[in-house]
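Understanding the architecture of this molecule
Take a look at the letters that make up each chain.
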Amino acid sequence: MRKQILSFRNALRGIANTIKSESHMRFHITAAFYVILFSFFYSFSAAQWAILILLISSVTAAEVINTCIEELCNLTADRFEPLVKAAKDAAAGAVFILAAAAAVIAVIFFWDTAVIANIFEFFTNNIIMLILLIISAVLSVLFIYPGPVVIKARLLGLKLKIKSKQ
């Protein structure tokens, strides 16, 4: 049992490292958040929910694999290598194919002008929810670019500067 717990911990550490280091992973997570958020305005069937969950997990898993391939390539080549570039490009291409397919399916699922009008009406009639949506959008941009590692470093740098002035 201990071995399985360690395996889960290592897997979660790998996911966390990918989130910290890859802006594309943070973009996919942010997109997944908004897909799930706006899904509640729709009357999706169980099959549609399953497809959404499969797409979200497939794209994020592909991004983790892409990061793994990139890191292994970086480890094996200390200078430019055409084959390493080809491997990295192919891995990124795989993520792009999945993400593009997910975007097309999202358009198919979410393009309902009546529901979009209901969403617009919901947020215009609930100013607090609109403010929360705007705040979440700003936080999402900060989460994606520059990301949690840079923000943490800047905040720690700011704290260190404040302490040194005292």
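Look above for the structure.
Residues numbered from 1 in each chain as written. Predicted model: local features only at pLDDT ≥ 70, side-chain atom pairs only at ≥ 80, totals over all residues. Heavy atoms only, no water.

Re the overall build of the protein
Scanning the protein from terminus to terminus reveals seven helices and zero strands. For the protein, the N- to C-terminal ordering of α and β elements is α-α-α-α-α-α-α. Over its C-alpha atoms the protein spans a radius of gyration of 20 Å, topping by over 25% the 15 Å that the globule rule assigns to 166 residues. Based on the C-alpha atoms only, the size of the protein along its principal axes is roughly 55 × 50 × 40 Å. Considering only contacts in the protein between residues 6 or more positions apart, those separated by 24 or more positions represent 70%. Just so you have it, the protein exposes about 11900 Å², and 74% of that area is on carbon and sulfur atoms. Here the protein contributes 15 positively and 9 negatively charged side chains, and the mean placements of these two sets differ by 17 Å. (Helix = DSSP H or I, 4+ residues; strand = E, 2+ residues; numbered from the N terminus. Rg over C-alpha atoms; globule rule 2.2 N^0.38 Å. Contact = heavy atoms within 4.5 Å. Areas by Shrake-Rupley, 256 points an atom, 1.4 Å probe, with all protein chains shown as cover. Lys, Arg positive; Asp, Glu negative; His and termini not counted. Charge placed at Lys NZ, Arg CZ, Asp CG, Glu CD.)

Describing the side chain of Thr 67
Here Thr 67 shows up in helix H3 (residues 46-76). Once you skip the residues sitting within four places of it in the chain, Thr 67 turns out to touch Thr 18, Ser 21 and Glu 22.

Overview of the packing of helix H5 (residues 113-125) against helix H6 (residues 127-144)
Between two packed helices, both the angle of their axes relative to each other and the distance between the axes serve to describe the pair. With their axes 5 Å apart at the nearest point, H5 and H6 run at an angle of 105 degrees to one another. Compared by their axis directions, H5 and H6 come out roughly perpendicular. Residue-level contacts link Phe 122, Phe 123 and Asn 125 of H5 to Ile 127, Met 129, Leu 130 and Leu 133 of H6. Within the contact of H5 with H6, the residues separate by chemical class into six nonpolar, one polar and no charged. (Axes fitted to C-alpha atoms, helices over the stretch in contact; angles between N-to-C directions. Parallel < 35°, antiparallel > 145°, perpendicular 65-115°, else oblique. Nonpolar A, V, L, I, M, F, W, Y, C, P; charged D, E, K, R; others polar.)

Looking at a nonpolar patch on the surface
A cluster of nonpolar side chains, namely Ile 127, Ile 128, Met 129, Ile 131, Leu 132, Ile 134, Ile 135, Val 138, Leu 139 and Leu 142, defines an oily patch on the protein surface of about 920 Å² accessible area. With respect to the secondary-structure elements, Val 138 resides in helix H6. (Patch = residues over 30% accessible without salt bridge, like charges linked within 9 Å, V, L, I, M, F, W, Y side chains within 5 Å. Salt bridge = Lys/Arg side-chain N within 4 Å of Asp/Glu carboxyl O.)

Such coordinate-based values are descriptive only and should not be taken to indicate function.
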